[in-house]
Amino acid sequence: QVQLVESGGGLVQAGGSLRLSCAASGRTFSTYAMGWFRQAPGKEREFVAAISWSGGDTLYADSVKGRFTISRDNAKNTVDLQMNSLKPEDTAVYYCAGRYGRSWYGDLMSRYEYNSWGQGTQVTVSS
């Protein structure tokens, strides 16, 4: 498994932007599909975005489509989430997750597909 560490969270006003980054340790990062999930207080952890091992395929939740962009750099072992036009309802703890294997098949929107998780980073959007 890879070890994942998120950074970049913080407090931002509605309409602002933040960029989250997830650093992975281990030499097998390029064999993982990567995802971002979030969890607001009292709510289930929900899918935000996913990216294939090569970066050639991406998937987004409808709630963030057009506002968030996921990207990865396999040379640096990082996956980023650029978040623009933030809304108060985007407030949550954001988690980076990895799913071993280069296949793009399966339910990548399901948290149960992922076998490596970071500790999370808080994003708070004020109105």
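Residues numbered from 1 in each chain as written. Predicted model: local features only at pLDDT ≥ 70, side-chain atom pairs only at ≥ 80, totals over all residues. Heavy atoms only, no water.

A.B. asks: How do you make sense of the overall build of the protein chain when you look at a structure like this?
C.D. replies: Helix and strand content of the protein chain: zero helices and eleven strands. The helix and strand sequence of the protein chain, counted from the amino end, reads β-β-β-β-β-β-β-β-β-β-β. The C-alpha radius of gyration computed for the protein chain amounts to 13 Å, which stays within 12% of the reference 14 Å derived for 127 residues, consistent with globular compactness. For the protein chain, the spread of C-alpha atoms along the three principal axes comes to 40 × 25 × 25 Å. Within the protein chain, the fraction of its 127 residues that count as buried is 43%. If you take every contact in the protein chain between residues at least 6 apart in sequence, the share linking residues at least 24 apart comes to 62%. One way to put it: in the protein chain the 13 positive side-chain charges average out to a point 4 Å from where the 11 negative ones average out. (Helix = DSSP H or I, 4+ residues; strand = E, 2+ residues; numbered from the N terminus. Rg over C-alpha atoms; globule rule 2.2 N^0.38 Å. Buried < 20%, exposed > 50% of the residue type's maximum accessible area, 1.4 Å probe, protein only. Contact = heavy atoms within 4.5 Å. Lys, Arg positive; Asp, Glu negative; His and termini not counted. Charge placed at Lys NZ, Arg CZ, Asp CG, Glu CD.)

A.B. asks: Mind showing me how you'd approach the sheet that holds strand S7 (residues 68-73) here?
C.D. replies: Strands in a sheet are paired, the pairing made by backbone hydrogen bonds, and the direction either parallel or antiparallel. Strand order across the open sheet formed by four strands is S1-S3-S8-S7, with antiparallel pairing between neighbours. Of all the strands in the sheet, the pair left with one neighbour each is strand S1 (3-7) and S7. For this sheet, the mean angle separating the axes of adjacent strands, direction not counted, is 15°. Taken together, the six bridges between S7 and strand S8 (residues 78-83) define a ladder with antiparallel strand orientation. Its bridge partner being in S8, Ile70 is matched across the sheet by Leu81. (Pairing = 2+ DSSP bridges. Axes fitted to C-alpha atoms, helices over the stretch in contact; angles between N-to-C directions.)

A.B. asks: Looking at this model, I keep getting lost on the nonpolar core. Mind explaining?
C.D. replies: Note that soluble globular proteins tend to have their nonpolar side chains buried in a common cluster. The biggest cluster of nonpolar side chains holds 35 residues, and the ones touching the most others in it are Trp36, Val79, Leu81, Met83 and Tyr94. In this structure, Leu81 is in contact with Leu18, Arg19, Leu20, Trp36, Val48, Ala49, Phe68, Thr69, Ile70 and Tyr94, ignoring residues within four places of it in sequence. (Core = buried A, V, L, I, M, F, W, Y, C linked by side-chain atoms within 4.5 Å.)

A.B. asks: Looking at this model, I keep getting lost on the packing of aromatic side chains. Mind explaining?
C.D. replies: According to the stated counting rule, one finds six aromatic pairs in the structure shown. Measuring from centroid to centroid gives 5.1 Å for Phe37 and Tyr114, while their planes differ by 80°, and the two rings are edge-to-face. Taken together, the residues Phe37 in strand S4 (residues 32-39) and Tyr114 in the loop between strand S9 (92-100) and strand S10 (116-117) connect sequence positions 77 residues apart. Across the pair, exposure class does not vary: Phe37 and Tyr114 are buried alike. The ring of Trp117 is capped by Arg45, whose NZ or CZ atom sits 4.9 Å from the centre of that ring. In this structure, Arg102 packs its charged tip against the face of Trp53, placed 4.0 Å from the ring centre. (Phe/Tyr/Trp six-rings, centres within 6.5 Å; stacked < 30°, edge-to-face > 60°. Lys NZ or Arg CZ within 6 Å of the ring centre and 35° of its normal.)

A.B. asks: What's the story with the state of the cysteines in this structure? I'm lost.
C.D. replies: On inspection of all chains with the given rule, the structure shows one disulfide. One disulfide bridge connects Cys22 with Cys96, the sulfur atoms lying 2.1 Å from each other. The sign of the -80° torsion about the S-S bond sets the Cys22-Cys96 disulfide as left-handed. Taken together, the residues Cys22 in strand S3 (residues 18-25) and Cys96 in strand S9 connect sequence positions 74 residues apart. (Disulfide = S-S within 2.5 Å.)

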